[in-house]
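Examining the three-dimensional arrangement
One letter stands for each residue in the lines below.
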Amino acid sequence: MADTWDNVTIPEFNSLLQMDPYLKQYEKDFRRRYGLFEKRLFLLEEAEGGFDQFTRSYRTFGVNRMADNRLVLREWAPAAEALFLTGDFNGWDNFSHPYEKKEFGKWELCLPPKHDKSPAIEHNTKLKVVVHTKKGERLYRISPWAKYAIQAEKQVIYDWVHWDPPQPYMHIHPRPKKPQSLRIYESHVGIASPDPKVASYTNFTINVLPRIKDLGYNCIQLMAVMEHAYYASFGYQVTSFFAASSRYGTPEELKQLIDTAHSLDIVVLLDVVHSHASQNTEDGLNSFDGSDSCFFHSPPRGEHALWGSRLFNYSSWEVLRFLLSNLRWWMEEYRFDGFRFDGVTSMMYHHHGIGSMFSGDYSEYFGLQVDEDSLVYLMTANHVLHTLYPDCITIAEDVSGMPAVCRSVAEGGLGFDYRLAMAIPDKWIQILKELADEAWDMGNIVYTLTNRRYGENCIAYAESHDQSLVGDKSLAFWLMDKEMYTNMSSLIPMTPVIDRGIQLHKMIRLLTHALGGEGYLNFMGNEFGHPEWLDFPRKGNNESYHYARRQYNLLDTDHLRYRQLYDFDRDMNRTEDKYGWLAAPPAFVSAKHEGDKVIVFERGNVLFLLNFHPTRSQTNYRVAVASPGKYTIKLDSDEVQYGGHGRLDHNTEFFTEPQPFNERDNSMLKSGRYIVSK
């Protein structure tokens with residue numbers, strides 16, 4: 001078999017090797033992966049007429065209405081003995097509507113229209129697939145392709161509801177162009193209101209979208225949209241992959257949300273979960289046909305030891321159909337603009353990252369511990385998405401740092417546009433938990449923010465939803481803790497704790513935004529220093545919604561300092577929009593001074609100066625700069641409107657001198673903590 005892979009040509013592999021010559025010793029691994037990917041594409045072409053048709057299988061599986069109002073239903077249940085359809089339409093008769101068995105484990109049923117030519121199954125009525133197993137069991141299942149599922153009051157199990165509205169929502173606005181600088185607002189619809197309840201798609205459209213636009217974010221990453229029976233799973237235990245969660249409203253209301261975002265020139269990404277699935281059977285994918293496999297590997301390979309969930313069999317043709325069509329469905333039906341792929345580290349390795357520290361040694365990324373079926377699936381998914389939708393954005397949630405995750409498939413990479421820089425938030429939490437201000441290590445902070453693979457784009461963030469979950473708390477709460485309850489009014493003098501917290505909250509964000517990546521992410525509410533933590537209603541907290549909400553009302557009280565943090569975040573994003581440092585090459589760091597606690601760097605024709613010293617302002621401080629000329633202040637975290645002390649004169653102009661300093665040809669004298677531009 002080795003000879004087979006030797007003959008594989010990766011079209012642009014030399015580009016990857018030029019960027020990282022150390023990968024040459026793993027060329028065979030890259031060839032094998034690419035060869036498996038090529039073979040998969042060839043088979044799709046041969047057996048299915050190409051991936052365009054194959055990835056639209058939601059038009060042939062599940063329930064589909066034809067032009068004459070006939071309904072055609074198709075399922076894949078290879079281990080089933082018989083399949084029947086039951087529901088409101090036939091008075092819940094378990095035997096009147098049998099599916100016909102086809103080849104390759106498929107089942108089909110055709111329902112002619114009623115006498116009045118309307119479809120046999122009415123919109124918004126309930127259905128079930130009745131599965132008869134070879135053991136003689138009768139199981140009631142939701143179709144894996146179900147487009148809507150609801151949870152009746154006081155009921156645990158979700159019901160499959162046929163969704164075919166007489167007047168479906170029609171998108172009006174075109175997709176925005178792919179942003180050069182990606183500024184992401186990570187959002188959860190259900191918690192997007194101050195009220196102790198599950199908030200709606202419509203609330204998000206009316207009340208949250210205008211705030212996101214005002215803040216200068218150009219991308220929304222929507223979590224917990226794919227239907228999940230357990231609300232407290234944060235959307236990561238998916239039960240219905242093609243259904244938009246009904247707890248927030250209807251599919252049409254989600255379409256309106258996305259269309260409205262597009263009208264504001266904001267792209268919308270779906271947090272897609274293809275790494276695992278809920279182990280629910282009655283309202284999930286698990287044991288759909290009565291077997292312990294079907295969409296998944298049989299145990300133990302098909303079970304995630306820590307998550308208690310099922311793991312997909314990515315080598316299965318029908319699983320490939322299901323997952324690729326799922327991506328296409330969200331792009332076509334809802335007009336999402338791309339995806340943040342959850343749990344990519346778990347997918348890429350047989351050990352799922354459990355107990356692996358990932359030291360960065362290349363041997364960790366190749367060999368038998370790597371799940372090549374998963375890699376080939378991710379390569380195929382990215383190839384399909386970027387071929388059909390050139391502006392599509394894909395982000396990998398990968399903590400391992402596998403090389404070439406964010407290089408093109410043609411180079412032998414996985415084809416993602418970005419990966420999440422997951423070490424950065426961990427570093428900030430560690431610093432705030434463990435170190436006094438004077439012990440902050442400037443060199444270590446800069447190293448963490450700049451330690452990324454050259455040529456592979458990263459999304460930097462100081463905190464995401466992960467850092468806010470119960471058991472942890474937001475950066476603002478780490479900084480200011482219980483004083484946030486009593487001392488956030490600007491009508492009283494700032495206490496030392498609040499003063500320190502507000503200044504560091506801004507500086508941590510600015511430094512992360514400017515130095516940490518090629519995109520930036522913020523979790524909703526954290527931009528204004530949202531207090532406390534996140535905790536969903538569950539038995540352990542008496543089903544309370546108190547911590548499952550975002551208190552945007554704090555911004556509407558002018559004298560609270562939350563508004564000052566909001567204003568800084570807004571102006572930081574707007575300044576980036578003007579100067580485009582995220583789209584610029586990596587920064588040149590000219591100073592990381594431990595004694596002075598100063599960090600100085602240039603990026604995108606902008607000079608950044610940050611003074612982290614807890615007690616000392618730096619006056620007449622020489623800083624290095626590449627471009628000679630006049631510099632002026634563009635953003636100053638010490639401005640009074642941002643909760644600062646207003647110690648800098650913004651009319652000051654700074655002129656360089658041809659005096660070499662810190663590996664730059666020019667330098668000038670400065671003070672404060674701000675960014676300046678020519």
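Values in this document were obtained by computation on a predicted structure and should not be read as measured data. (Residues numbered from 1 in each chain as written. Predicted model: local features only at pLDDT ≥ 70, side-chain atom pairs only at ≥ 80, totals over all residues. Heavy atoms only, no water.)

What follows concerns the overall build of the protein chain. Each helix and strand counted, the protein chain has 15 helices and 29 strands in total. Taken over C-alpha atoms, the radius of gyration comes to 27 Å for the protein chain, in line with the 26 Å a tight globule of 678 residues would show. Each principal axis of the C-alpha distribution contributes one length, and for the protein chain these read about 85 × 65 × 45 Å. Classification of the 678 residues of the protein chain by burial places 60% in the buried group. At a minimum sequence separation of 6, the contacts of the protein chain that also span at least 24 residues come to 72%. (Helix = DSSP H or I, 4+ residues; strand = E, 2+ residues; numbered from the N terminus. Rg over C-alpha atoms; globule rule 2.2 N^0.38 Å. Buried < 20%, exposed > 50% of the residue type's maximum accessible area, 1.4 Å probe, protein only. Contact = heavy atoms within 4.5 Å.)

A few words on the UniProt feature "active site" (unreviewed entry) in the protein chain. Mapped onto this numbering, the UniProt entry gives "active site" (unreviewed entry) at Asp342 and Glu397. Over a stretch of 56 residues, the named residues converge on one spot in the fold, their C-alpha atoms separated by at most 5.5 Å. With respect to the element layout, Asp342 can be found in the loop between β17 (338-341) and α8 (344-348). With residues near it in sequence (within four places) discarded, Asp342 still touches Tyr236, Asp271, Val272, Val273, Ser275, His276, Met347 and Glu397. Checked against the element boundaries, Glu397 lands in the loop between β18 (393-396) and β19 (418-420). Dropping the residues within four chain positions of it, Glu397 is found in contact with Arg340, Phe341, Asp342, Gly343, Val344, Thr345, Leu420, Met422 and Asp466. At a separation of 3.5 Å, a polar atom in the side chain of Glu397 contacts the side chain of Arg340. (UniProt positions renumbered as here; feature names shortened; annotations may be inferred. Polar contact = N/O pair within 3.5 Å; in protein donor to acceptor, adjacent residues only side chain to side chain.)

Following the sequence through the fold, Asp638 ends up in the loop between β26 (630-636) and β27 (653-655). A polar contact is formed between the side chain of Asp638 and the side chain of Arg647, at a distance of 3.0 Å. Once residues within four sequence positions are removed from consideration, Asp638 is found in contact with Gly644, His645, Gly646 and Arg647.

Glancing now at the nonpolar core. Core analysis: the biggest nonpolar cluster contains 156 residues, and Phe204, Leu254, Trp330 and Trp428 have the highest contact counts within it. Once residues lying within four places of it in the same chain are set aside, the contact partners of Leu254 are Tyr201, Leu222, Val225, Ala244, Trp330, Tyr334 and Phe336. With 24 residues, the next largest nonpolar core counts Tyr99, Ala120, Leu139 and Ala146 among its residues. (Core = buried A, V, L, I, M, F, W, Y, C linked by side-chain atoms within 4.5 Å.)

With that out of the way, let us pick up the packing of aromatic side chains. If you walk through the whole model with that rule in mind, you get 43 aromatic pairs. An angle of 75 degrees between the planes, with centres 5.5 Å apart, marks the rings of Phe84 and Phe95 as edge-to-face. On the criterion of sequence distance, the pair formed by Phe84 in strand β3 (residues 80-87) and Phe95 in the loop between β3 and β4 (100-101) is long-range, its members being 11 residues apart. On the basis of relative accessible area, Phe84 is assigned to the buried category, the value being 12%. The interplanar angle of 80 degrees and the centroid separation of 6.2 Å between the aromatic rings of Trp329 and Tyr334 together place this pair among those described as edge-to-face. (Phe/Tyr/Trp six-rings, centres within 6.5 Å; stacked < 30°, edge-to-face > 60°.)

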